[in-house]
Amino acid sequence: MKKSSNFKDYKKEIMGAARDDRLRLALSRSIRSFRANIKDALEKFPHTIDMAEEVLEIKEKAIGEMEKLAWQAIAAIEENKGKGYIAKTADEALKIISDIVGEGKLIVKGKSMTGEEIGLREHLEEHGNEVYETDLGEFIIQQMGSRPMHITSPAIHVPREDVARLFSKVIGQELPPDSDIAKMVAVAREFLREKFFRADIGISGANVVAAETGTLYIIENEGNIRLATGAPPVHIALVGMEKLVPTIGDANKVSEVTWRYANYTVPSYVTLVSGPSKTGDIEKVTTYGAHGPREFHVIFLDAGRTELAKHPRLRQALYCLRCGGCLYECPVFAVTAGHFGDKYFAGIGAVWAAIISEDMEKAASIAYTCLTCGRCKQRCPVKIDVPEMIIELRRLLAESD
Ligand code: SF4
């Protein structure tokens, strides 16, 4: 997936973002409330800090054996009558998903950075499918024709007044700019409700996968994941291989640390999926597709991850839990949002741009925008040393000239 972006375009984009008062307004509101919430969450559950150290050990080991864990997970999923795949490249993943989906389908989709990485929604739409993002932030972004600006809060840069204007257009009924946020949420709920039950296919990612049982853990608050992975007859999950850990015990720890550092004392829902829906209630005959999906497909995406795992310093990028906490500490992100980064935001995005997207110009742009101040490392539960990676990347870039 070799790409080349233009430094001038990046500079224009990032300078434009830095001058955007509405963007700063939306970001400052979010940063204030995130910092208060995470302080509260860690004070209530102080054991999380020690657990994060255990999680780092789990991830360090798991990253070195991703492929083995993926095969182990596939064997467990298939024993449960699901279907597992390893996609070596983004194109391979898109083909596997296209072959399952076909054309002319209605698809409800949960938030997935991996889906964003490979351009999944656009690909499915190009093949004549109707796709709805169901996470509220992603839904806003999709309706705006924009792209996410944060890992866990994709519409972080959109103030409520803009959401009111957007939803007025979507539902064809005027919502005043000072509308109550609860009213806006209700509008989205009503719009998406029937889509969940009419959909042919639900697509999700996963926060962590336990290889021993092939169990996907999906953390959320809205309830859209429960519906998207439970209501349609087919569930497809696209998961980066770095999300695999050996056991259920490991996955429990990774999940708890992820949601706590994502600023939640506890999320409303953690969905665990290990296979298709089944029942044996009539004469003990196992039948697939009871109330939930009768088909369950999991695609583990490599796309450069096993290469990245071999690099002694840059491999840390794969430890990332995607809690998004670092972004609220990063001084550059505070004025530019997701314009600073590639598919993955802030300094760590430079590593993804270089190794996963193979876009060296984009990687250089991000690497030289990062201040190497290390505020992200301080907040990071698994202590990813972004300044160390950035310095290493600058060295590699200089050597490749
Ligand atoms: S080191 Fe870079 S990515 Fe990390 S907080 Fe500082 S500017 Fe942001």
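Caption draft 1: Local environment of helix α1 (residues 7-18). Between its first and last C-alpha atoms α1 spans 16 Å; for 12 residues at 1.5 Å apiece the expected length is 16 Å, and the two agree. Within the sequence span of α1, burial applies to Tyr10, Ile14 and Ala17. Buried positions in α1, seen along its axis, are confined to an arc of 60° and lie on one side of it. Exposed and facing more than 90 degrees away from the buried side of α1 are Lys8 and Lys12. Looking at the packing, one finds that the buried side of α1 touches α2 (21-44), α14 (333-336) and α16 (360-369).

Caption draft 2: Structural detail: the packing of aromatic side chains. One pass over the full model with this rule turns up 5 aromatic pairs. On the numbers, 3.8 Å between centres and 5° between planes, the contact of Phe34 with Tyr328 is stacked. Here Phe34 is found in helix α2, whereas its partner Tyr328 is found in the loop between α13 (305-309) and α14, with 294 residues between them in sequence. Both residues of the pair, Phe34 and Tyr328, belong to the buried class. For Lys83, the ring lying beneath its charged end belongs to Tyr85, and the centroid distance is 4.9 Å.

Caption draft 3: Structural detail: the sheet that holds strand β1 (residues 83-87). Spatially, β1-β12-β7-β4-β2-β3 is the arrangement adopted by the 6 strands of the open sheet, whose pairing is parallel. The open sheet has two edge strands, β1 and β3 (130-133), and neither has a second partner. In this sheet, neighbouring strand axes are inclined to one another by 20° on average, regardless of whether the strands run parallel or antiparallel. Pairing between strand β2 (residues 106-109) and β3: 4 bridges, direction parallel. Following the sheet pairing, Val108 is matched in β3 by Tyr132. Along the sheet face, helix α4 (residues 66-79) touches β1 and β12 (295-301) and points at about 160° away from the line of β1.

Caption draft 4: Representation of the sheet that holds strand β6 (residues 215-220) within the structure. The sheet built from 4 strands is open, its strands ordered β8-β5-β6-β9 with mixed pairing. Since the sheet does not close on itself, it has two edges, and those belong to β8 (244-245) and β9 (269-273), each with one partner. Relative to β6, strand β5 (residues 208-210) runs antiparallel, the two sharing 3 bridges. Paired with Val208 across the two strands is Tyr217, which belongs to β6.

Caption draft 5: Geometry of the nonpolar core. Within the largest apolar cluster, 85 residues are counted, with the highest numbers of intra-cluster contacts made by Leu244, Phe300, Phe340 and Ile384. Setting aside residues up to four positions removed in sequence, Phe340 forms contacts with Tyr10, Ile14, Cys330, Val332, Phe333, Phe345, Ala346, Gly347, Ile366, Thr369 and Cys370.

Caption draft 6: Structural context of the layout of surface pockets. Computed from the structure, the second largest pocket encloses a volume of approximately 290 Å³. Contributing to the lining of the second largest pocket are Thr134, Leu136, Val185, Ala188, Arg189, Leu192, Arg193, Phe196, Glu222, Gly223, Asn224 and Leu227. At the level of secondary structure, the elements contributing two or more residues to the lining of the second largest pocket comprise α10 (181-198) and α11 (224-230). Here the lining of the second largest pocket gets 6 residues from one element, more than from any other, and that element is α10. Here the residues of the lining of the second largest pocket are counted per class, giving 6 nonpolar, 3 polar and 3 charged.

Conventions and cut-offs
- Residues numbered from 1 in each chain as written.
- Predicted model: local features only at pLDDT ≥ 70, side-chain atom pairs only at ≥ 80, totals over all residues.
- Heavy atoms only, no water.
- Helix = DSSP H or I, 4+ residues; strand = E, 2+ residues; numbered from the N terminus.
- Expected span 1.5 Å × (residues − 1).
- Buried < 20%, exposed > 50% of the residue type's maximum accessible area, 1.4 Å probe, protein only.
- Arc of directions from axis to C-beta.
- Contact = heavy atoms within 4.5 Å.
- Phe/Tyr/Trp six-rings, centres within 6.5 Å; stacked < 30°, edge-to-face > 60°.
- Lys NZ or Arg CZ within 6 Å of the ring centre and 35° of its normal.
- Pairing = 2+ DSSP bridges.
- Axes fitted to C-alpha atoms, helices over the stretch in contact; angles between N-to-C directions.
- Core = buried A, V, L, I, M, F, W, Y, C linked by side-chain atoms within 4.5 Å.
- 1 Å grid on protein atoms, 1.4 Å probe; cavity = no way out; pocket = protein on both sides within 12 Å on 5 of 7 lines; lining within 4 Å.
- Points joined across faces, edges and corners; volume = space filled by probe spheres on them.
- Nonpolar A, V, L, I, M, F, W, Y, C, P; charged D, E, K, R; others polar.

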